[in-house]
Amino acid sequence: MSVRYRKVPPEGGWGLLIGIGMASMFTVSLGSLPSFGLIFGDFLTNLGEETSAIALITSCFFSALSFAGLFTNTLMKKTSCRTVGLIGAVSYVIGSFMTIFVTTTNELLVSFSIFQGAGFGLMIPVSYTTFNAYFVEKRVVMMSFSQTLIGLGTMIYPIFIQKTMEAYGFRGCMAVLAAVNSNTLVAMLVMHPVEWHMRKVKITDEEVQMTTNPSEEPTKNVASKMLKGLDRSRRASSIPGLGNWSGPVVVSDSTERDKKPATKWQVLIDFLDLTLLKDPIYVNIVLGISFALYSDLAFFTLQPMYLFMIGFGKPDVSLIIAIGAGADLLSRVFLAISSTCLNIKARYVYLAGALFTILARFAFLFVYDFYGMAIITAIMGFLRTWIHVPLPLVFSEYLPTERFPSGYGLFMFLQGNITFAVGPIVGYIRDVTGSYSISFHCLTLFMALCVLPWLFEIVYLRLKERAFREAEQQTEMVTVPIKLETIEASDSK
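As a convention, each chain's residues are numbered from 1 in the sequence order in which they are written. In keeping with the model being predicted, local features are shown solely for residues with a pLDDT of at least 70 and side-chain atom pairs are shown and tallied solely at 80 or more, while totals for entire chains, interfaces and linings include all residues. Excluded from the side-chain calculations are hydrogens and water; all other atoms, namely the structure's heavy atoms, are used.

A.B. asks: Would you explain the overall build of the chain in this entry?
C.D. replies: Scanning the chain for helices and strands turns up 17 helices and two strands. Buried residues are those whose accessible area, probed at 1.4 Å on protein chains only, stays under 20% of the maximum for their type, while exposed residues exceed 50% and partly exposed ones sit between those limits. Residue burial in the chain is summarised as follows: out of 493 residues, 52% are buried. Contacts: residue pairs with any heavy atoms within 4.5 Å of one another. For the chain, the proportion of contacts with a sequence separation of at least 24, taken over those separated by at least 6, is 85%. Computed with the Shrake-Rupley method and a 1.4 Å probe, the accessible areas treat only the protein chains shown as cover for residues. Of the roughly 23500 Å² of accessible surface on the chain, a fraction of 67% belongs to carbon and sulfur atoms. Runs of E in the DSSP output that reach at least two residues are strands. Runs of H or I that reach at least four are helices, and both are numbered from the N terminus.

A.B. asks: How should helix α5 (residues 105–134) be read in this particular structure?
C.D. replies: An α-helical segment advances 3.6 residues per turn. Residues three or four places apart therefore align on the same side. One less than the number of residues in a helix, times 1.5 Å, gives the span that helix is expected to have. Taking 1.5 Å per residue, 30 residues should reach 44 Å; α5 reaches 41 Å between its end C-alpha atoms and fits that length. Throughout, bend refers to the angle between the axes fitted to the seven residues that end at a position and the seven residues that start at it. At G117, α5 shows its largest bend, some 25°.

A.B. asks: Where do I start with the packing of helix α12 (residues 314–338) against helix α14 (residues 370–388) in this structure?
C.D. replies: Angle between the axes and distance between the axes: these two values describe a pair of packed helices. Here, axes are lines fitted to C-alpha atoms. For helices the fit covers the stretch in contact, and angles between N-to-C directions go from 0 to 180 degrees. α14 packs onto α12 with a crossing angle of 35° between their chain directions and a minimal axis gap of 7 Å. Seen from above, α12 lies across α14 with right-handed handedness. Residues D316, L319, I320, I323, G324, A327, D328, L330, S331, R332, F334 and L335 of α12 lie in contact with α14, whose contacting residues are F370, M373, A374, T377, A378, G381, F382, R384, T385 and W386. Three residue categories are used. Nonpolar comprises Ala, Val, Leu, Ile, Met, Phe, Trp, Tyr, Cys and Pro, charged comprises Asp, Glu, Lys and Arg, and polar comprises the others, including Gly. Across the contact of α12 with α14, the residue classes break down as 13 nonpolar, five polar and four charged. By definition, any crossing whose near helix is turned counterclockwise from its far helix by less than a right angle is left-handed, and any crossing with a clockwise turn is right-handed.

A.B. asks: Help me understand the confidence of the model for the chain, please; the structure alone is not making it clear to me.
C.D. replies: One rule of thumb: low pLDDT means the predicted coordinates there are not for detailed reading. This prediction gives the chain a mean pLDDT of 78; 81% of its residues lie at or above 70. By definition, pLDDT measures how confident the predictor is in each residue, and it falls between 0 and 100. Between the elements of the chain, mean pLDDT differs from a low of 38, seen in helix α9 (residues 222–237), to a high of 93, seen in helix α13 (residues 346–364). Here residues 215–258 is modelled with pLDDT under 50, and outside its nearest four sequence neighbours on either side it reaches 78 contacts, counting other chains as well.

A.B. asks: In this structure, what is going on with α14? I would like to understand it.
C.D. replies: The end-to-end C-alpha separation of α14 is 26 Å, in line with the 27 Å expected for 19 residues at 1.5 Å each. Burial analysis of α14 places 14 of its 19 residues in the buried class, which makes it a mostly covered element. In protein, a polar contact requires one atom able to donate a hydrogen and another able to accept it; more generally it is a pair of N or O atoms within 3.5 Å, and residues adjacent in sequence count only if both atoms are side-chain atoms. Where α14 begins, the side chain of D369 points an oxygen toward the backbone nitrogen of Y371, at a separation of 3.4 Å.

A.B. asks: What exactly am I supposed to notice about the side chain of Q415 here?
C.D. replies: Note that Q415 resides in helix α16 (residues 404–433). By relative accessible area, which is 3% here, Q415 ends up buried.

A.B. asks: Looking at this structure, how should I read a nonpolar patch on the surface?
C.D. replies: Residues with no salt bridge and a relative accessible area higher than 30% make up the patches, which join like charges within 9 Å and nonpolar side chains (Val, Leu, Ile, Met, Phe, Trp, Tyr) within 5 Å. Salt-bridge detection follows one rule: a side-chain nitrogen of Lys or Arg within 4 Å of a carboxyl oxygen of Asp or Glu. Residues V90, I94, M98, V110 and I114 make up a contiguous nonpolar surface patch of roughly 370 Å² in combined accessible area. Listing elements by their share of the nonpolar patch, those giving two or more residues are α4 (81–98) and α5. A total of three residues in the nonpolar patch trace back to one element, the largest contributor, which is α4. Mapping M98 onto the fold places it in helix α4.

A.B. asks: Would you mind going over the environment of L17 with me for this structure?
C.D. replies: Positionally, L17 belongs in helix α1 (residues 14–30). The partly exposed category is assigned to L17, whose relative accessible area is 35%. In the structure, L17 is positioned 170 residues away from A187 in sequence and 8.6 Å away in space, judged by C-alpha atoms.

A.B. asks: Looking at this structure, I do not really get the side chain of E457. What am I missing?
C.D. replies: Note that E457 resides in helix α17 (residues 436–492). Only 2.7 Å separates the side chain of E457 from the side chain of R347, close enough to count as a polar contact. What E457 contacts, discounting residues up to four positions off in sequence, is I281, N284 and R347.

A.B. asks: Would you explain the packing of aromatic side chains in this entry?
C.D. replies: In this description, a pair of aromatic rings is defined by centroid distance and the angle of the planes. Side-chain rings of Phe, Tyr and Trp (the six-membered ring for Trp) are treated as a pair once their centres are within 6.5 Å; stacked means planes under 30 degrees apart, edge-to-face means over 60, and tilted covers the remaining angles. The full count for this structure, using the stated rule, is 26 aromatic pairs. Ring geometry for Y282 against F395: centres 6.2 Å apart, planes inclined by 70°, an arrangement best described as edge-to-face. Placement of Y282 in helix α11 (residues 280–309) and of F395 in helix α15 (residues 391–398) is noted, with a sequence separation of 113 residues between them. Grouping residues by exposure puts Y282 and F395 together as buried. Residues F364 and F440 carry aromatic rings whose centres are separated by 5.6 Å and whose planes lie at 80° to one another, so their mutual orientation is edge-to-face. Taken together, the positions of F364 in helix α13 and F440 in helix α17 put the pair 76 residues apart, joining distant regions of the chain. According to the relative accessible area criterion, F440 is buried, its value standing at 2%. A network of ring pairs unites the aromatic residues F26, F40, F43, F61, F62, F112, F120, Y128 and F170 as a single cluster. Charges are assigned to positions over rings by a cutoff of 6 Å between ring centre and Lys NZ or Arg CZ, combined with an angular limit of 35 degrees from the ring normal. Its end group placed over the ring of W454, R347 keeps NZ or CZ at 4.3 Å from the ring centre. In this structure, R384 packs its charged tip against the face of F300, placed 4.4 Å from the ring centre.

Below, the structure written as structure tokens:
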């Protein structure tokens, strides 16, 4: 009897370089966002623009990121995933070198927002898609490892920027950062197709029997299928079980439509996978994460400017940012350890992070001394991990594997447009009122737009599921006496 083999993801080997490459890409790309005010604060102040310019530039950055991410799925169908990543890395590096020579806000918009934003938008789906292809059983462990490296890098980043600014000035710091950002090219070069590194595993007799005699799962009706899909989703979506990417197909696919010639509108729907917008849970996830992400990133972008206003110097500000990043790192380690023994949905972790962040921000506005500010920033940094780390896992636990690239790309598009629409509003409020506190309250309100709809959805689905189970039990109780009466009637005859 011949021995049969099947190919499985490597779960290591070259995959370790994939994890390190993803971590280095996110470190250099995300590290500049919370330190944006530290880097460009004096530059924008000398131009007579401060809060409004920061809000506009960061909003345009995420808008460019979203448009690039939207077309990533289509580009990956026309060329390799690695090539798309390299295009993004080249765009990001070009933008980094352009920032060395910026003299106006418009030039900074082009270099930082458009070139770097679009490049980052192309690299994100490529990194996640490649990473998920290399790891299934060890996905959570390796994701935690990569996120820990990202946390370590972002902790060092603000101190590195402050020391570089002191030693080389603004232009020299931009040149050094451009060289550091060139590491994204190396990160995308290591994103080999998983087919190059697949492992061969012997097929057992049980697997052969399951293949030849597949068992059909009996279902009573459509409602019971939906309920089983929800149960399966819960099992697959717990943090320790995130290696299993099975999830309910929540919307009908284009192949399920009637065989009719596709209209221009239908081509657009298929191109953007807009059928996902028919699913209210997916829409609620997208809107909640979009508002929470904008609130988080805008808050930490404005925080250095607020600290300068209340009297903190640059060394203190860079140290406070580093403390927050250090707490972020500890939180990543905490999530990595807890994920091995706790069975929690990634979306619940995200929800908890958003809820506790709202409480921490209210306390933030009543702190003015260095030690108090360091402590509250550490708390917010610890909670920040709960908003960023589970983000891709929230989508992976809900969407089937084949729809993750399009679903995540559509999310990036919507999130970028939401950020572009509401971003300048907060900056305008700050300029009109002259108050950072009002701006921070507005950002807290955006965070609440994630918490409240998600809580409503959870309560609604729980009540609906309970009502369905009670109705099913009542149906079974009615069915049993009818069967008994039928048997007694047949016996009497």
